[in-house]
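Each chain, letter by letter, is given below.
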Amino acid sequence: MLQKIRNEKIRINGKVTALAGNLRALQKGKRFEEKDLNRLWTKKNIEALSKDNFQPVNEDEIELAELFALIQEIIQN
C-alpha cells in the first residue's frame, strides 16, 4: 500500500502509519506459525489486552500483544 501511495503520488492530508504482523512467519514464507494472527483479533482478546490480563501462550499471541501496545501508543500520540 505504501509503495502504491508513493508510485501514484497520492496526496496524504494527515498521517499514515503502517504496521506489519506475522513477521516470523513471513520470514519463513508462511502465512502464520501456530495461529493466524488475524483470527486472534477477537473482542475477548481485545478486552483482555485492554485490561492487561491477557496471557499469551505462544509467539503469535505475544505478537498480538505487542501490536496492540504499539497501536495504543500510536493512538495516544
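Residues numbered from 1 in each chain as written. Predicted model: local features only at pLDDT ≥ 70, side-chain atom pairs only at ≥ 80, totals over all residues. Heavy atoms only, no water.

Participant: Could you clarify how one ought to interpret unusual backbone geometry in this entry?
Facilitator: Leave glycine aside and you will find that most residues have negative phi; peptide bonds, for their part, are mostly trans. One non-glycine residue, asparagine 22, lies in the positive phi region at around 55°. Mapped onto the secondary structure, asparagine 22 falls in the loop between helix 1 (2-7) and helix 2 (23-27). A positive phi angle, close to 60°, is found at aspartate 52, a residue other than glycine. Considering the arrangement of structural elements, one finds aspartate 52 in the loop between helix 3 (43-50) and helix 4 (59-76). Under the relative-accessibility criterion, aspartate 52 is labelled exposed at 72%. (Helix = DSSP H or I, 4+ residues; strand = E, 2+ residues; numbered from the N terminus. Buried < 20%, exposed > 50% of the residue type's maximum accessible area, 1.4 Å probe, protein only.)

Participant: Explain the pattern of salt bridges to me, please; I cannot follow it from the model alone.
Facilitator: Oppositely charged side chains can form a pair if their charged atoms are brought close together. What the rule picks out here adds up to six salt bridges. The partner of glutamate 8 in a salt bridge is lysine 4, and the shortest N-O contact between them spans 3.5 Å. The salt bridge involving arginine 24 is made with aspartate 60; its shortest N-O contact spans 3.4 Å. Linking arginine 24 in helix 2 with aspartate 60 in helix 4, this pair joins segments that are 36 residues apart in sequence. Among the charged side chains, a network of salt bridges with common partners joins Arg24, Lys28, Glu33 and Asp60. (Salt bridge = Lys/Arg side-chain N within 4 Å of Asp/Glu carboxyl O.)

Participant: Hey, could you run me through helix 3 in this one?
Facilitator: An α-helix turns once every 3.6 residues. As a result, residues three or four positions apart point the same way. The complete set of buried residues in helix 3 reads Asn45, Ala48 and Leu49. Angular distribution of buried residues about the axis of helix 3 spans 100°; they occupy a single face of the element. Summarising the geometry of helix 3, the exposed residues directed more than 90 degrees from the buried face are Lys43 and Ser50. On its buried face, helix 3 is in contact with helix 4. Trailing helix 3 by a residue or two, aspartate 52 shows a phi angle of about 60°, which is positive. (Arc of directions from axis to C-beta. Contact = heavy atoms within 4.5 Å.)

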